[in-house]
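Results of the structural survey
Below are the chains, spelled out letter by letter.
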Amino acid sequence: MRDMLLIGVYALLAGGVVGVVGATVLRALRGRSILVHILLLLAVTVLAVVAGVVTVAQAMFLSGHDLRVVLVTVGASAMVSLVLGALFGRRLAAAAVWAQAARERERHLEAGRRELVAWVSHDLRTPLAGLRAMAEALEDGVVGDPATAAEYHRRIRVETDRMTRLVDDLFELSRINAGALRPEVTDVPLRDVVSDALAGVAPLAESRGIMLVAAETGWPVVRAGERELARVIGNLLVNAVRYTPVGGTVRIEGGRERDAVWLAVSDTCGGIAESDLGRVFDVAFRGERARTPDRAETVGAAGGGLGLAIVRGLVEVHDGRVSVRNAGDGCRFEVRLPVIIR
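The shown structure was predicted, so the numbers you read here are calculated from the model rather than taken from an experiment. (Residues numbered from 1 in each chain as written. Predicted model: local features only at pLDDT ≥ 70, side-chain atom pairs only at ≥ 80, totals over all residues. Heavy atoms only, no water.)

Describing the overall build of the chain
- Within the chain one finds eight helices and seven strands.
- Taking all 342 residues of the chain together, 38% fall into the buried category.
- When the accessible surface of the chain is summed, it comes to about 20000 Å², and 60% of that surface belongs to carbon and sulfur atoms. (Helix = DSSP H or I, 4+ residues; strand = E, 2+ residues; numbered from the N terminus. Buried < 20%, exposed > 50% of the residue type's maximum accessible area, 1.4 Å probe, protein only. Areas by Shrake-Rupley, 256 points an atom, 1.4 Å probe, with all protein chains shown as cover.)

Points about the side chain of Glu 253
- Considering the arrangement of structural elements, one finds Glu 253 in strand S4 (residues 249–257).
- Of note is the side chain of Glu 253, whose polar atom sits 3.0 Å from the side chain of Arg 332.
- Look past the residues within four positions of Glu 253 in its chain and what remains in contact with it is Ala 215, Trp 219, Trp 262, Leu 263, Ala 264 and Arg 332. (Polar contact = N/O pair within 3.5 Å; in protein donor to acceptor, adjacent residues only side chain to side chain. Contact = heavy atoms within 4.5 Å.)

A closer look at helix H5 (residues 190–207)
- Here H5 spans 26 Å end to end across 18 residues, near enough to the 26 Å set by a 1.5 Å rise per residue.
- Among all positions of H5, only Leu 190, Val 193, Val 194, Ala 197, Leu 198, Val 201, Leu 204 and Ala 205 are buried.
- Those residues of H5 that are buried are in contact with strand S1 (185–189), strand S2 (211–214), helix H6 (226–243), S4 and strand S5 (260–266).
- Among the residues trailing H5, Gly 209 stands out with phi positive, at a value near 70 degrees. (Expected span 1.5 Å × (residues − 1).)

Here we look at the packing of aromatic side chains
- For the structure on display, the rule yields one aromatic pair.
- Consider the rings of Phe 281 and Phe 333, whose centres lie 5.9 Å apart with planes at 90 degrees: the pair is edge-to-face. Taken together, the residues span a long stretch of sequence, with Phe 281 in the loop between helix H7 (274–277) and helix H8 (307–317) and Phe 333 in strand S7 (residues 330–337) at a distance of 52 residues.
- By relative accessible area, which is 2% here, Phe 333 ends up buried.
- Taking NZ or CZ as reference, Arg 242 lies 5.3 Å from the ring centre of Tyr 243, over its face. (Phe/Tyr/Trp six-rings, centres within 6.5 Å; stacked < 30°, edge-to-face > 60°. Lys NZ or Arg CZ within 6 Å of the ring centre and 35° of its normal.)

A closer look at the pairing of S4
- Direction of pairing for S2 relative to S4: parallel, over a ladder of four bridges. The residue of S4 that forms the bridge with Val 213 is Arg 251.
- For S4 and S5, the ladder comprises seven bridges, and the chain directions are antiparallel. By the bridge assignment, Gly 254 is partnered in S5 with Leu 263. (Pairing = 2+ DSSP bridges.)

Describing the packing of helix H4 (residues 146–178) against H8
- Close contact between H4 and H8 brings their axes to 10 Å; oriented N to C, the two are set at 35 degrees. In this structure, the crossing between H4 and H8 has a hand that is left-handed. Within the contact between the two elements, H4 uses Asp 169, Glu 172, Leu 173 and Ile 176 and H8 uses Ala 309, Ile 310, Gly 313 and Leu 314.
- Its residues placed into classes, the contact of H4 with H8 shows five nonpolar, one polar and two charged. (Axes fitted to C-alpha atoms, helices over the stretch in contact; angles between N-to-C directions. Left-handed = near helix turned anticlockwise from the far one by under 90°. Nonpolar A, V, L, I, M, F, W, Y, C, P; charged D, E, K, R; others polar.)

Observations regarding unusual backbone geometry
- Of note in this structure, Asp 319 is not a glycine but carries a positive phi near 60 degrees.
- Position of Asp 319 among the secondary structure elements: in the loop between H8 and strand S6 (321–327).
- The exposed category is assigned to Asp 319, whose relative accessible area is 64%.

Regarding a nonpolar patch on the surface
- Among the surface-exposed residues, Val 17, Val 21 and Val 25 lie close enough to one another that they form a single nonpolar patch of about 240 Å² accessible area.
- Along the chain, Val 21 turns up in helix H1 (residues 2–28). (Patch = residues over 30% accessible without salt bridge, like charges linked within 9 Å, V, L, I, M, F, W, Y side chains within 5 Å. Salt bridge = Lys/Arg side-chain N within 4 Å of Asp/Glu carboxyl O.)

A short note on the sheet that holds S5
- With mixed pairing, five strands are arranged side by side in an open sheet as S2-S4-S5-S7-S6. Here the strands that pair on one side only, and so sit at the sheet edges, are S2 and S6. Strand-to-strand twist across the sheet, computed as the mean angle between neighbouring axes with direction ignored, equals 15 degrees.
- Across six bridges, the pairing between S5 and S7 is antiparallel. In the sheet register, Ser 266 faces S7, and the bridge partner there is Arg 332.

Here it is, written out as structure tokens:
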């Protein structure tokens, strides 16, 4: 009985030493990845068993041959345990990381949905109240002056068009998020799409005294959905014009690099705060107040807060990517599409 107690004490002491060392190492590496922690815990567990067996074997004064047999047996078992533990540990770590990323994405999407609902409610409440007031004034005959009545009718039409565009943007965004958008891919001359987009945004740019500049050459042909590509370019141009101060410049250029077509829209908006660069394409994100245009500036423009989110969604539908960075006295939005035919 006494021998059994001694064997237990030796095994506990040996395993305890390994456990203390392992705990110290774990504390020192607490900032490392989940996989490192799993592998270290596995190694500590196996080494504790090995240390206990070896200590007891030596205490029992086994012959040299028997001791070597014990060491080989324990070593082989430890090797198999470590290899299998490493393989399954990688899967476990990957699953844990994926689950954490999924939870973070879900929280991000939920926050975006709440922000979108709050933003849409705010942007619809004000024009609806104005429309109701003007409609009641016209209906009750409060406005008798033909010029004032004509102005009321014009403002009703403008606000109705703006809300229609907002609803269209919401519908487009919902199709993108649901994966229901399937572009009709064709051979699209980028020069023609850019020319049409510039013509569409020209009145807004002219009203703000902003110069639109397009590169003369370098426009490739890309295989993409023409309607979706036109929406991407139009939204980027409208966004640049809206945020560029009066008298500024918006430039658009494109080209081809290896297996990708690129398109860039640059402005002189003064740049975007570094803390906001990662959120520019989020739904309903408007950034700091200095970069939020007045309501009067949004006439004819896409609904602020959805335009760039739609751009990212449409680009990703084409397996491309869109990015933004500060460049010079403004910022540069760049779209890259991987499919090239010329």
